[in-house]
Every structure is written in structure tokens, then in C-alpha cells.
Amino acid sequence: MTLADAAQVVALLALLLLAAGPLGAYMARVFAGERTFLDGILGPCERLVYRAGGVDPEEEMGWRRYAAAMLAFNAAGLAALLALLLLQGVLPLNPRGLPGFDWDLALGTAVSFVTNTNWQNYAGEASAGALVQMAGFAVQNFLSAATGIAIAVALVRGLARQRSATIGNFWADLVRVTLYVLLPLSLVAALLLVSQGVIQSFGPYRPIEPLEARAAAGEGAALLPLGPVASQEAIKEIGTNGGGYFNANSAHPFENPTPLTNFLEIFLILLIPVALTWTFGRMAGDPRQGRALLAAMLALLLAAGGALVRAETRGNPLLAGAGVAGPGLEGKETRFGVVGSALFATATTATSCGAVDAMHDSLTPLGGLVPLGLILLGEVAPGGVGSGLYTMLAFVLIAVFVAGLMIGRTPEYLGKKIEAREMWLAIVTVLTPGALVLVFSGVAVVLPAGLATLGNPGAHGLSEVLYAFASMANNNGSAFAGLGGDTPFYNLAGALAMALGRFVPAVAVLAMAGSLAARKAVPPSLGTLPTHQAPFVLWLMLVVLVVGALTFFPALACGPIVEHFLMSGGR
């Protein structure tokens, strides 16, 4: 790693810590219903939305009603997006006359965007017109991100409240996070991206003169794809969505043209997940607890990023034996370099983003193990918008309960006793995506339909299948590549994995919030385990790693680990 690369890492961490504190405090005020500096502009819009929807924002909901509203809203969004995809051929803002999606691809894509996964089995510039990209994909990028944040805030309220039968109002949370957080951030980010060359246009695709090689081959003019890219790119990163306007995603120069935009997009991916730890500390009344979570998240993130940079800068020993020195750039963008690509891959899989600026399939075996491992750990370092925080809090409850059993301390967190109900719900939250990964991957590698589009045999092929279902079940959306996903099997199996991976943990978290909110907090005593100190941070990290290792080590041993030994042995 060069000095410039190290400076990039330091600058990223410094900017995150500088920005996340004020943003986290601001979000705490937003969710508390307090006045903010944007109220004069957005307050009338907020009230108009409530009147149009017949919503009383002051009416509190119990967890069942909150969960029912969340599920109904996402079901309506799924139906609307599915209709857009199927009917694209007869809808406006489609100057190229692109046809509607096949039903299985439409279903898989609609579920993907509603669940904040953005798994793409289509080429955006060749399959989706401007109406679908904006009214369909970009809208769901906002709403799926807002849903995740609302669920996390409901859990925080459950921890902070005492003897309460309610955890907030889903509609108010959804509207406020969209209007006061996601829209302003996306507007600023889109303008920054446009200033650096990311396109934002409603014009038709433009023909360009063919290069000499194309002309010699008798090929005509190529089409230069245009579209409202910057606006979608901004919320794609800020909402940890990941769905690109173009098939190449953030490796495309119209989405990510320069090293500066690459740095900015990494920053945007991590910004809200990191800031939510401050929000949690503020709303819980103990900022130390938020800092403890952030310390665990950043330690895991830095360890993973360092491992990926090391693996990729060392390169492939087989190429070194052939006289090719230095790190391998195959599958990476030369304008970003190895470290820029490694940082992006780490950020996008440590969150639930799924955007990519390099081909993960081209990573070395141990390099590919890092993003795969980050997804399989549950994306908690720092995780997706909302989902990272509530999954890490589920790990916290498990860590507190196990530590209490081991050392004889009272299993309490923020004064709330952790009992069997919360433990079961935390286990469902943490283990559901992992169970889905193993079940669906096992089915895929024994069925002809799962193997038919596998591009590579052996250990690498297993890594591709494992990565695909890990990405879908954990609502990440990035692909290892090498696997043809646009088949009925992968579209339908993926849709089921994405839906269960999103909504089963979400409902479990809301049930946990309701259970904790109804409980009275007890003052700390000599038997209370301190959860804001370094020993607990280390214990929490160990719990995350152990749960991941026990769940996935056999599968990883048959995939990227054995591939590494084969590569090291010259095979």
C-alpha cells in the first residue's frame, strides 16, 4: 500500500467520524419529532402527505400494528413495481420501445428492489427505460431504505421506553426519514456527482461514430446511453441499495468516472449506517452505548478491509511464476487501482449496498472470501441502513445473555432484562439469513436447473453459488459473477430468499421492540454487565465471528479456502 492509498483510508475514516456525529444527532431529533432547520421547507410537505394518506402522525402503534403497516406498505410497493416492469412496453418515457420484463424476471427484480437488495439479473441500459428506472427503481431505493431505518428506530424506542405498549408510528417514521434525511442527502450527493461528470439527462441515446475496428468489421454507429443517472446513483449509495443504472454498476464511467467519485461513493455507502450508532446512543439516553457499537463495527470493517487489500496486493502466485509481477488488475478499474477497488468491495459488502466498482469474481480466493464473509456475518460492520443496527443489536442481546450465563452476571441491556422471548427473537433475526443461504445453495448445487448456468466448475463454482444466495438472503445485491442468474430457477428461488431474508428478521425485530418496550428498566447494580467498555466490545466481536464461523465454515472450506490451497499448490 502506497502513502496515497493510506491517506485515502485515513481521510475516509476521518470524514466519516466528522460527519456521522452531527448527522446522527440530527436523525435523533427527526425521529423524536423535534423541530429541525428543514421544518420551514419540508414541514408543509410532511403535513400534506399525512392529509393525503389520512394519517395521524401522533397516533402511536403497538408492534403488531407497526409490523402490519410495514408489510402492507411493502406489499403495495411490490405490486406497483411489478406492474411497471410487466407493462413497460406500453408505458411512456421509453423512447427505445423496450419490452416488458418476463414474469419471472419481473417478480425477482421487484422483490429485489422492495427488499433493499437490488439483485440485478438484467442489463439496466438495455432493459429498463427512464420511467422504470425513476418511478420504479429509484422510488423503491428511497422507500426500502426508509423502511429499514424505521424498523431500527422502533427497536431503539423499545429499548428506551418503559412500560409502553407502543413503539412509534410507522407512517410518521417512513415519511420523516424520507423527507428530512434521504431526500436532502441525495440532492446534495447528486449535485456533487454531476459536478464530477456523472450524467443526468432525459435525452435519447446518442449515436457515436464507430471506431476504426468497428468500421472495418462493417459495424454501424454505437449508441451512447443517457439517462437520469446521478439522481439514482446518489440514493443507490446513501440507501445502501446498490442497483446500478448500467449493467457495469459503479465500474461504469457514467456512474463513477473518477477516483474522487469513487471515494465519495464509498463515503456515502457508510455514512448513514455509521451515523445511526450516534442516533441510537442519543435516543437510548447513553451515547457510550452507541460508541461501543461503532467501535465493534469499525474494528470488523478495518480488519476485513486490511485482509482484502493484503490479498489483492500480493496477487496470484501463478501469474508471478509466469513472469507477471505485482498485483493483478484483471477485473479492476485502473482509474481506481487495487486499493480503491478493495475499499469499495469492503464497504459494499460490510453494508447491504451491493454496488460494485470491480468484478468480485476476479478477486483472489482469499480476497473473494472477505466480501463473502462480510455478507455471511450478517452485514453488521456497519451494515445496511437500519438493518445493520438492528442486526447488531440482536447480536448484542445474544452476547449479553451468553456472557451472563458464563460469568454469573445479570443479562441486562440498557436496564432491560433479557429473557427467553428476546433470545428467541434475536436468534431468529441473526440466523434466518444464514439458514436461507445454506438451504438454497444446497438445493442449487444438486438440481440441474441450479447448475445449468454455472460458469465455473469445482470450488470456484461453489463460491459463485454460495455468494449469490448469501447476497440475496442478506439483501446485499452484489454478485460474484460467473453465474447466469436470469433463469426461472434463480429468479424465483432468489425472490423467495430475498423476501424471507428481509421480512422474517424485520418482524422478529419489531416483536422484540414491543416486548422490550413493555418492560420496566431496572437500575444498574454490581451484577450488571457493563456494555459500553472495551471488554464487551471485544466479546461482541467474538460472538459475531463465532456465530458466522459455526454456521458457514464447512461451506467456506469447500469453496474459497480450498481454492486458495489449490492456487498456492500451482493448480
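These remarks concern the structure in this document. (Residues numbered from 1 in each chain as written. Predicted model: local features only at pLDDT ≥ 70, side-chain atom pairs only at ≥ 80, totals over all residues. Heavy atoms only, no water.)

Points about the overall build of the protein chain
This is how it is decided: Strands are runs of DSSP state E lasting at least 2 residues, helices are runs of H or I lasting at least 4, and numbering of each runs from the N terminus. The rule is simple: take the accessible area with a 1.4 Å probe, protein chains only, and divide by the maximum for that residue type; under 20% is buried, over 50% is exposed, in between is partly exposed. Note on definitions: a residue-residue contact is assigned when non-hydrogen atoms from the two residues lie within 4.5 Å. The accessible surface values rely on the Shrake-Rupley method and a 1.4 Å probe; as for residues, cover is taken only from the protein chains in view. Working convention for charge: Lys and Arg count positive, Asp and Glu count negative, and His plus the chain ends are omitted. To locate a charge, the coordinates of NZ of Lys, CZ of Arg, CG of Asp or CD of Glu are taken.
Within the protein chain, the secondary structure is distributed over 20 helices and four strands. Considering only C-alpha atoms, the protein chain reaches an extent of 80 × 60 × 50 Å along its principal axes. When each of the 571 residues of the protein chain is scored for burial, the buried share is 57%. Partitioning the intrachain contacts of the protein chain with sequence separation of at least 6 by distance along the chain shows that 79% fall at a separation of at least 24. Of the accessible surface of the protein chain, which amounts to about 22,100 Å², a share of 68% is contributed by carbon and sulfur atoms. Both charge centroids of the protein chain, one from 29 positive and one from 32 negative side chains, sit 13 Å from each other.

Here's the deal with the packing of helix H10 (residues 259–284) against helix H11 (residues 287–314)
This is how the line gets drawn: Every angle, taken between N-to-C directions, lies between 0 and 180 degrees, and every axis is a line fitted to C-alpha atoms, over only the stretch in contact when it is a helix. Orientation labels follow simple angle bins: below 35 degrees gives roughly parallel, above 145 gives roughly antiparallel, 65 to 115 gives roughly perpendicular, and whatever is left gives oblique. When residues are grouped by polarity, Ala, Val, Leu, Ile, Met, Phe, Trp, Tyr, Cys and Pro land in nonpolar, Asp, Glu, Lys and Arg in charged, and all others, Gly among them, in polar.
Close contact between H10 and H11 brings their axes to 6 Å; oriented N to C, the two are set at 150°. By the angle between their axes, H10 is roughly antiparallel relative to H11. Two secondary-structure elements touch here, H10 through Leu-270, Val-274, Thr-277, Trp-278, Phe-280 and Gly-281 and H11 through Pro-287, Gln-289, Gly-290, Leu-293, Leu-294, Met-297 and Leu-301. Considering only residue class, the contact of H10 with H11 consists of nine nonpolar, four polar and no charged.

Comments concerning the pattern of salt bridges
The test is simple: For salt bridges, the criterion is a side-chain nitrogen of Lys or Arg within 4 Å of an Asp or Glu carboxyl oxygen.
Applying the stated rule across the entire model yields 13 salt bridges. Here Arg-65 makes a salt bridge to Glu-59, at a shortest N to O gap of 3.0 Å. The class for Glu-59 is partly exposed, based on a relative accessible area of 36%. A salt bridge links Lys-236 to Glu-233; the shortest N-O distance between them is 3.0 Å. Taken together, the residues span about one helical turn, with Lys-236 and Glu-233 both in helix H9 (residues 229–238) at a distance of three residues.

Comments concerning a nonpolar patch on the surface
Rules: Residues qualify for a patch when their relative accessible area is over 30% and they have no salt bridge, like charges being joined within 9 Å and the nonpolar side chains of Val, Leu, Ile, Met, Phe, Trp and Tyr within 5 Å.
Residues Val-439, Val-443, Val-445, Val-446, Leu-447 and Leu-451 make up a contiguous nonpolar surface patch of roughly 460 Å² in combined accessible area. Looking at the element boundaries, Val-446 is found in the loop between helix H16 (420–444) and helix H17 (448–451). Residue Val-446 is classed as exposed on the basis of its relative accessible area of 61%.

Some thoughts on the packing of aromatic side chains
Our working rule: Between rings of Phe, Tyr and Trp, where Trp is taken as its six-membered ring, a pair exists when centres lie within 6.5 Å; planes separated by under 30 degrees are stacked, by over 60 edge-to-face, and by other angles tilted. Whether a charge sits over a ring comes down to the Lys NZ or Arg CZ being within 6 Å of the ring centre and within 35 degrees of the ring normal.
The final tally for this structure, using the stated rule, is 14 aromatic pairs. Relative to Phe-137, the ring of Phe-113 has its centre 4.2 Å away and its plane inclined at 10°; by these criteria the two rings are stacked. With Phe-113 in helix H4 (residues 103–114) and Phe-137 in helix H6 (residues 130–160), this residue pair connects regions lying 24 residues apart in the sequence. Classification of Phe-137 by relative accessible area gives buried; the value is 0%. Plain terms: the ring middles of Phe-489 and Tyr-490 are 4.9 Å apart, the flat faces sit at 85° to each other, and that makes the pair edge-to-face. You can call Tyr-490 buried: its relative accessible area is 2%. Site record: aromatic cluster; members linked through ring pairs are Tyr-66, Phe-73, Phe-170 and Trp-171. Arg-176 extends its terminal NZ or CZ atom over the ring of Tyr-180, reaching a point 4.7 Å from the ring centre.

Some details on the side chain of Glu-255
Going by this rule: In protein, a polar contact requires one atom able to donate a hydrogen and another able to accept it; more generally it is a pair of N or O atoms within 3.5 Å, and residues adjacent in sequence count only if both atoms are side-chain atoms.
With respect to the helices, strands and loops of the structure, Glu-255 is situated in the loop between H9 and H10. Polar side-chain contacts of Glu-255 include one of 2.7 Å to the side chain of Lys-236. A distance of 2.8 Å separates the side chain of Glu-255 from the backbone nitrogen of Tyr-245, its partner in a polar contact.

Some thoughts on the environment of Arg-409
With respect to the helices and strands, Arg-409 occurs in the loop between helix H15 (387–407) and strand S3 (412–413). The exposure class assigned to Arg-409 is partly exposed, which follows from its relative accessible area of 30%. If sequence neighbours within four positions are ignored, Arg-409 has contacts with Gly-404, Leu-526, Gly-527, Thr-528, Leu-529 and Pro-530.

Observations concerning the environment of Ile-375
As for its placement among the helices and strands, Ile-375 is situated in helix H14 (residues 365–376). Accessibility expressed as a relative area gives 0% for Ile-375, which makes it buried. Each C-alpha atom, one on Ile-375 and one on Arg-163, is 36 Å from the other, the two residues being 212 residues apart in sequence. Setting aside its immediate chain neighbours within four residues, Ile-375 contacts Thr-349, Tyr-467, Ala-470, Ser-471, Asn-474, Asn-476 and Ser-478.

A word on helix H7 (residues 170–195)
Quick reminder of the rule: Here, expected helix span is obtained from the residue count minus one, scaled by 1.5 Å. The quantity called bend is, for any residue, the angle between two axes fitted respectively to the seven residues ending at it and the seven beginning at it.
If you check H7, its first and last C-alpha atoms are 36 Å apart, about what 26 residues at 1.5 Å a residue would give, namely 38 Å. In the structure, H7 departs most strongly from a straight axis at Thr-178, where the bend amounts to approximately 35°. Between the side-chain oxygen at the start of H7 and the backbone nitrogen of Trp-171 there is a gap of 2.9 Å, and the oxygen is on Asn-169.

Details of H15
Counting along an α-helix, one turn takes 3.6 residues, and residues three or four places apart therefore face a common direction. Taking 1.5 Å as the rise per residue, H15 with 21 residues should run 30 Å; its terminal C-alpha atoms sit 30 Å apart, in good agreement. Burial of H15 is extensive: 16 of the 21 residues sit out of reach of the surface. A positive phi of about 75° marks Gly-408, the residue just after H15.

Observations regarding unusual backbone geometry
Between Ala-381 and Pro-382 the backbone carries a cis peptide bond, its omega angle lying at 5°. As for its placement among the helices and strands, Pro-382 is situated in the loop between H14 and H15. The phi dihedral of Asn-249 falls on the positive side, at around 60°, and the residue is not glycine. For Asn-249, the position within the fold is in the loop between H9 and H10. On the basis of relative accessibility, which here comes to 5%, the residue Asn-249 falls in the buried class.

Concerning the side chain of Thr-432
In this fold, Thr-432 is placed in helix H16. Contact partners of Thr-432, with chain neighbours within four places excluded, come to Ile-427, Leu-500, Val-504 and Pro-505.

Brief notes about the environment of Leu-183
With respect to the secondary-structure elements, Leu-183 resides in helix H7. Using a relative accessible area of 37% as the deciding quantity, one classes Leu-183 as partly exposed. The sequence separation of Leu-183 and Phe-142 amounts to 41 residues, and the corresponding C-alpha distance is 8.1 Å. Those residues in contact with Leu-183 that sit more than four places away from it in its chain are Phe-142 and Thr-178.

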